[in-house]
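Here is what each chain is made of, one letter per residue.
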Amino acid sequence: MVTLIHTLADHSDDVNYCAFSSSCLATCSLDKTVRVYSLKDFSQLPYSPLKGHTYAVHCCCFSPSGHFLASCSTDGTSVVWDAGDGQMLAVLEQPSSSPVRVCRFSPDSTCLVSGAADGSVVLWNMQSLKLYRSGNVKDGSLVACAFAPSGNFFVTGSSCGDLTVWDDKMRCLCNEKAHDLGVTCCDISSQPVSGDEHTFTCFQMASCGQDNQIKLWLILFADSSGSAVENESKVAVEDWSEDDVSAWLCAQDLADFVGLFKMNNIDGKELLNLTKESLANELRIESLGLRNKILQKIESLRMDVRAVSVPVPDEFLCPITRELMKDPVIAADGYSYEREAMENWITNKRRSSPMTNLPLPSLLLTPNRTLKMAISRWLETQQK
């Protein structure tokens, strides 16, 4: 039985989104405002409406802690508000200035994700209220987002029908063509699917699309805490079981090789010892391109293993990808970036600094040979 108990008609244009906290209801609209109501009597709170956006507001959400309220808009910003008094705490500008379509808080309220019309996705640190890491999907506008209950990964959905799984360091773990037209919504179950807690954890995910379909998915992770095999699994790679290797292959978009690796009893130690010759002669993988792809993934895994005991110095990490730089270049803003990442940044018609968001006076990229040598020397020390 459903009974209408109240109707709110304060917005002057289409209402795009609504969100609950334990004591409030927030709504946002094409009229550029966010309104907040008390659940006791549905009256607007004294600070409502919130006026900070210059264009339509597409999405709003409360942090799980209830302390923050976030909203995002066509104006290219996500605004963080104090849910207690309505004070504007920060205006978070999408680096690309593209319209922001969706925003979500992590389960522990320490991060906020914002997804934009150009496919850019940003992870914001809620303590510093600054950009933590960013990424991009290949095609389409980001319109949906959901965090795993563990907070160690989240999923975004795009208008071109793709679902993308990201870890908490903004690394793309998986990209799947989910719907023929576009994703409209996605959500992850609050409870994991039962399994061997020492081997993997499965989460159910549902996605909705403009193709009139609802699809259900299983997301496999390697330990009970929910961290991806690709990340810092609690089990050392050398101690991975065959099932752990299978989960890693799936996370690397190499699921087609799970059967082959299991047939050859490839565990963590065997995985790290694979070579070009063993892939060709023992596993009989004929395609040179596939052998090279697998080897590149394994080499990245070896580097991660070597770096476990000693963290990578922050100055060796590209500010865009947050990965160890191989070909660092100096941009006109004075910061160093991985060449490919910065070239992609500029190719996407971004003329602002990824670090400061200020216009770049020049698009010239100068090789940072000193930094490259320092990284090489550091890597040599890790291999000894």
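Residues numbered from 1 in each chain as written. Predicted model: local features only at pLDDT ≥ 70, side-chain atom pairs only at ≥ 80, totals over all residues. Heavy atoms only, no water.

**What about unusual backbone geometry?**
Phase 1 of the analysis: Omega for the bond connecting Ser48 with Pro49 falls within 30 degrees of zero, at 5 degrees, which places this linkage in the cis form.
Phase 2 of the analysis: Note on placement: Pro49 falls in the loop between β3 (33-38) and β4 (50-51).
Phase 3 of the analysis: Unusually for a residue other than glycine, Phe42 sits at a positive phi of about 65 degrees.
Phase 4 of the analysis: Along the chain, Phe42 turns up in the loop between β3 and β4.
Phase 5 of the analysis: For Phe42, a relative accessible area of 24% gives the class partly exposed.
Phase 6 of the analysis: Here Ser109, not a glycine, exhibits a phi torsion of approximately 65 degrees, which is positive.
Phase 7 of the analysis: Locating Ser109 in the fold gives a position in the loop between β9 (100-105) and β10 (111-116). (Helix = DSSP H or I, 4+ residues; strand = E, 2+ residues; numbered from the N terminus. Buried < 20%, exposed > 50% of the residue type's maximum accessible area, 1.4 Å probe, protein only.)

**Some words on the pattern of salt bridges**
Opposite charge on two side chains permits them to pair, given that their charged atoms come into close proximity.
Phase 1 of the analysis: Under the counting rule described, the total for this entry stands at 3 salt bridges.
Phase 2 of the analysis: Between Asp167 and Arg171 there is a salt bridge, with the nearest N and O atoms lying 3.1 Å from each other.
Phase 3 of the analysis: Using a relative accessible area of 17% as the deciding quantity, one classes Arg171 as buried.
Phase 4 of the analysis: Here Arg339 makes a salt bridge to Asp327, at a shortest N to O gap of 2.9 Å. Of the two residues, Arg339 sits in helix α6 (residues 339-347) while Asp327 sits in the loop between α5 (288-307) and β20 (328-330), which places them 12 residues apart along the sequence.
Phase 5 of the analysis: Relative accessible area serves as the criterion here: at 23%, Arg339 is assigned to the partly exposed category.
Phase 6 of the analysis: The class for Asp327 is partly exposed, based on a relative accessible area of 25%.
Phase 7 of the analysis: Salt bridges here are not isolated pairs; linked through shared partners, they connect Asp327, Arg339 and Glu343. (Salt bridge = Lys/Arg side-chain N within 4 Å of Asp/Glu carboxyl O.)

**A look at the environment of Leu249**
Phase 1 of the analysis: In this fold, Leu249 is placed in helix α1 (residues 242-251).
Phase 2 of the analysis: With 12 residues separating them in the primary sequence, Leu249 and Phe261 have C-alpha atoms 9.3 Å apart.
Phase 3 of the analysis: Among residues more than four places away in sequence, those in contact with Leu249 are Leu254, Ala255, Phe257, Val258 and Phe261. (Contact = heavy atoms within 4.5 Å.)

**What about the pairing of strand β5 (residues 57-62)?**
Phase 1 of the analysis: Most of β5 sits out of view: 6 of its 6 residues are buried.
Phase 2 of the analysis: Pairing analysis gives 5 bridges linking β5 to strand β6 (residues 68-73), with the strands arranged antiparallel. Each residue of the ladder has a partner; that of Cys59, found in β6, is Cys72.
Phase 3 of the analysis: Between β5 and β6, which pair antiparallel in sequence order, lie 5 residues; one of them, Gly66, sits at a positive phi of approximately 85 degrees. (Pairing = 2+ DSSP bridges.)

**Regarding α6**
Phase 1 of the analysis: Looking only at α6, the buried set comprises Ala341, Met342, Trp345 and Ile346. In a view along the axis of α6, the buried residues occupy a sector of 135 degrees, so they form one face of it. Residues Glu340 and Thr347 are exposed on α6 and point more than 90 degrees away from its buried face.
Phase 2 of the analysis: Elements that come into contact with the buried residues of α6 comprise β21 (336-338). (Arc of directions from axis to C-beta.)

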